[in-house]
Amino acid sequence: QRLEQYTEEHGDCLVPASFETKDGNKLGDWVSNQRQRKGTLSEEQTRRLNEVGFEWKLFESAWEENFQRLEQYTEEHGDCLVPISFGTQDGSRLGLWVHTQRQAHRKGSLSKERFRRLNKAGIAWDICESAWELNFQRLEQYTEEHGDCLVPASFETKDGNKLGDWVSNQRQRKGTLSEEQTRRLNEVGFEWKLFESAWEENFQRLEQYTEEHGDCLVPISFGTQDGSRLGLWVHTQRQAHRKGSLSKERFRRLNKAGIAWDICESAWELNFQRLEQYTEEHGDCSVPFFLRTQDDVKLGRWVSTQRQAHRKGILSEKRTRRLADVGFIRIG
């Protein structure tokens, strides 16, 4: 009667071994005992137990339940790659169960019928290979959406997968990846040398900046619309040049693009050109102190600084001569 009541309340006869009724009866022990006594129970007892759906083979029933949970997981997640720590809402440790099926398969103890059903459900027998395939598909999707394979290290997909970590790991494993994996990554334009690729992208940004602003004098705090810190990158190239660590090819390309290696000298030259333009438009070099040019340069302040430097005698002969040539100062 207690078993009938349990079945009515829970929908099955799968009474946990430790289960006790409200009145303290160890129903779980009694159910286990009936299984052990299957051959010795009377026909009437056996018939009545069968009528309420009694499970004689508990492990078989448990396997079926977990298989159904796996099918449900696959339907919800799109794959059978159940994390080993994953548990269902009803408390089943589905991840551990899937792991156990793989172990049984490797040991040769998994029945042909169970192997067939798990195979049909799409279980991944080689979890590493399957995980690689799934991440590769995510990389293809990223490439399609962003136009490249340059996945940021911290990038996570919408389903919480750390794709950035996986991509970094492929670069580190370049020599140990299979030929097939290497070929497929190459086909989607995978960047093995991340820093080389990043340099190229920043060089293109510098060319765009030069086209828009007319010079390579990128302020160190300048950032592009896509979040790149171009000013800091240009500063880093100058430092590399001073230290002698900039390759000849990069130096040649930056030089050709018009980068200012001596930023102070280049800035002075640019302001001198602005002064020449002002003089041509106004007929004199009397630039008001608060004057700003159309490109928002404080030309008046720069002019004041040159006068002070001249009075203190710290202006170079070359600069003094050029300022005198436009009538800014008098020599002698």
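Relevant structure appears above.
Residues numbered from 1 in each chain as written. Predicted model: local features only at pLDDT ≥ 70, side-chain atom pairs only at ≥ 80, totals over all residues. Heavy atoms only, no water.

Focus on the packing of helix α1 (residues 2-10) against helix α2 (residues 27-36)
Then comes step 1: At a minimum axis distance of 11 Å, the contact between α1 and α2 shows a crossing angle of 105°. Put simply, α1 runs roughly perpendicular to α2. Contacts from Arg2, Leu3 and Tyr6 in α1 reach Leu27, Trp30 and Val31 in α2.
Then comes step 2: Of the residues that constitute the contact of α1 with α2, the class distribution is five nonpolar, no polar and one charged. (Axes fitted to C-alpha atoms, helices over the stretch in contact; angles between N-to-C directions. Helix = DSSP H or I, 4+ residues; strand = E, 2+ residues; numbered from the N terminus. Parallel < 35°, antiparallel > 145°, perpendicular 65-115°, else oblique. Contact = heavy atoms within 4.5 Å. Nonpolar A, V, L, I, M, F, W, Y, C, P; charged D, E, K, R; others polar.)

Observations concerning the pattern of salt bridges
Then comes step 1: Throughout the structure, instances matching the rule amount to 15 salt bridges.
Then comes step 2: Residue Arg47 is joined to Glu51 by a salt bridge in which the shortest nitrogen-to-oxygen separation is 2.4 Å. Of the two residues, Arg47 and Glu51 are both situated in helix α3 (residues 43-51); the distance of four residues between them amounts to about one turn of the helix.
Then comes step 3: Accessibility expressed as a relative area gives 36% for Arg47, which makes it partly exposed.
Then comes step 4: Judged by its relative accessible area of 59%, Glu51 falls in the exposed class.
Then comes step 5: The partner of Glu65 in a salt bridge is Arg69, with the nearest N and O atoms 3.4 Å apart. Residue Glu65 and its partner Arg69 are located together in helix α4 (residues 58-77), separated by four residues, close to a single helical turn. (Salt bridge = Lys/Arg side-chain N within 4 Å of Asp/Glu carboxyl O. Buried < 20%, exposed > 50% of the residue type's maximum accessible area, 1.4 Å probe, protein only.)

Remarks on the side chain of Thr182
Then comes step 1: Within the secondary structure, Thr182 is located in helix α9 (residues 179-187).
Then comes step 2: Accessibility expressed as a relative area gives 19% for Thr182, which makes it buried.

A few points about the packing of aromatic side chains
Then comes step 1: Tallying each qualifying case throughout the model produces twelve aromatic pairs.
Then comes step 2: Seen from their ring centres, Trp132 and Phe136 are 5.3 Å apart, and the 10° between their planes marks the pair as stacked. Placement of both Trp132 and Phe136 in helix α7 (residues 127-146) is noted, with a separation of four residues, approximately one turn of the helix.
Then comes step 3: For Trp132, a relative accessible area of 4% corresponds to the buried category.
Then comes step 4: With relative accessibility at 2%, the residue Phe136 sits in the buried group.
Then comes step 5: A ring pair is formed by Tyr209 and Phe222, whose centres lie 5.0 Å apart and whose planes are at 75°; its orientation type is edge-to-face. Of the two residues, Tyr209 is situated in helix α10 (residues 194-213) and Phe222 in the loop between α10 and α11 (230-243); the sequence distance between them amounts to 13 residues.
Then comes step 6: Members of the aromatic cluster, connected to one another through ring pairs, are Trp132, Phe136 and Trp166.
Then comes step 7: The aromatic ring of Phe67 is capped on one face by Arg117, whose charged end is 4.5 Å from the ring centroid.
Then comes step 8: Over the ring of Phe272 we find Arg322, and its NZ or CZ is 4.5 Å from the ring centre. (Phe/Tyr/Trp six-rings, centres within 6.5 Å; stacked < 30°, edge-to-face > 60°. Lys NZ or Arg CZ within 6 Å of the ring centre and 35° of its normal.)

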